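Architecture at a glance
Listed below, chain by chain, are the residues.
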Amino acid sequence: DVKVTQSSRYLVKRTGEKVFLECVQDMDHENMFWYRQDPGLGLRLIYFSYDVKMKEKGDIPEGYSVSREKKERFSLILESASTNQTSMYLCASSLYRGPGNQPQHFGDGTRLSIL
Amino acid sequence: KQEVTQIPAALSVPEGENLVLNCSFTDSAIYNLQWFRQDPGKGLTSLLLIQSSQREQTSGRLNASLDKSSGRSTLYIAASQPGDSATYLCAVRPWEYGNKLVFGAGTILRVKS
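Rules of the game
- Residues numbered from 1 in each chain as written.
- Chains lettered and ligands numbered in written order.
- Predicted model: local features only at pLDDT ≥ 70, side-chain atom pairs only at ≥ 80, totals over all residues.
- Heavy atoms only, no water.
- Helix = DSSP H or I, 4+ residues; strand = E, 2+ residues; numbered from the N terminus.
- Rg over C-alpha atoms; globule rule 2.2 N^0.38 Å.
- Buried < 20%, exposed > 50% of the residue type's maximum accessible area, 1.4 Å probe, protein only.
- Contact = heavy atoms within 4.5 Å.
- Areas by Shrake-Rupley, 256 points an atom, 1.4 Å probe, with all protein chains shown as cover.
- Pairing = 2+ DSSP bridges.
- Axes fitted to C-alpha atoms, helices over the stretch in contact; angles between N-to-C directions.
- Salt bridge = Lys/Arg side-chain N within 4 Å of Asp/Glu carboxyl O.
- Buried area = accessible area lost by both parts, 1.4 Å probe.

Examining the overall build of chain A
A count of helices and strands for chain A gives 0 helices and 11 strands. From first element to last, N terminus to C terminus, chain A shows the α and β order β-β-β-β-β-β-β-β-β-β-β. In terms of C-alpha radius of gyration, chain A reaches 13 Å, essentially the compact-globule figure of 13 Å for 115 residues. C-alpha atoms of chain A, sized along the principal axes, occupy 40 × 25 × 25 Å. Put simply, chain A has 115 residues, and 48% of those count as buried. Sequence-distant contacts, at least 24 apart, represent 56% of the contacts inside chain A between residues at least 6 apart. On chain A, roughly 5,700 Å² of surface is accessible, and the fraction owed to carbon and sulfur atoms is 48%.

Things to note about the sheet that holds strand β1 (residues 4-7) of chain B
Residues and elements named next belong to chain B. Strand order in the open sheet made by the 5 strands is β1-β3-β8-β7-β6, with antiparallel pairing throughout. Edge strands, defined here as strands with exactly one partner in the open sheet, are β1 and β6 (56-59). Each strand axis lies, on average, 15 degrees off the axis of its neighbour in the sheet, ignoring direction.

Looking at the pattern of salt bridges
Side chains bearing opposite charge may pair, as long as their charged atoms lie close to each other. Residues and elements named next belong to chain A. A complete count under the given rule lists 10 salt bridges over all chains for this structure. Its salt-bridge partner being R73, residue E22 comes within 4.0 Å of it at the nearest N-O pair. Residue E22 is located in strand β3 (residues 19-25), and its partner R73 is located in strand β8 (residues 73-78); the two are separated by 51 residues in the primary sequence. Judged by relative accessible area, E22 falls into the partly exposed class, the value being 22%. Connected through salt bridges with shared partners, the residues D28, E30 and K71 form a single ionic network.

Points about the interface of chain B and chain A
At the interface, 18 residues of chain B touch 25 residues of chain A. Interface area, chain B with chain A, both sides summed: about 1,700 Å², of which 52% is carbon and sulfur. Remark: the boundary between chain B and chain A carries 1 salt bridge. Its salt-bridge partner being D59 of chain A, residue K100 of chain B comes within 3.9 Å of it at the nearest N-O pair. With 5 residues, strand β4 (residues 30-38) of chain B is the largest single contributor of residues to the side of chain B that touches chain A.

None of the figures reported here should be taken as evidence of function without further support.
As structure tokens, this is what we get:
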């Protein structure tokens, strides 16, 4: 079974802090994704990566950056946390870069509160 | 721009009933469609993936169909159980966006014992 592990289930930070959310997958997947999920807005893609050191912006990249130094690990960085970044953050991974038909597998999520 | 709609937004049924969840999408140019389950406060669990060339997929009591030309998919749950209570999300992978998924808002299902 694919295992996508997010480092924290719950996190509370203060406005202006630099926040790191970590995600690790154990299936040698090329693709990794960061989403946020908000009531009424559904899941929205922040960033994704299709290889080490490669990244592409999703639909809502503003205020975020990412890092992928190793294939199994994808980090989401809130450069200067703000209250409107309070949300549930979900990491996912999938096999292959090209137009294939591989499912995305998700972690359990990190519920982040910015005070 | 691809949009995904799920109807109904919420559904409450007695245990044992067969039920259908609906998903529609605006652009038929997709690689696949995926159904997920999400329990409260948790991540998403992949249930079924239907490739664009397929009409349906089955797993246990779940059956998902895809009609790409009409932009519709249904998730059929047979003999529902209280443990099926969760939010069900569908997502399409459009040609236009490569690896990205476009999600619907979900259907909240409650199965009463």
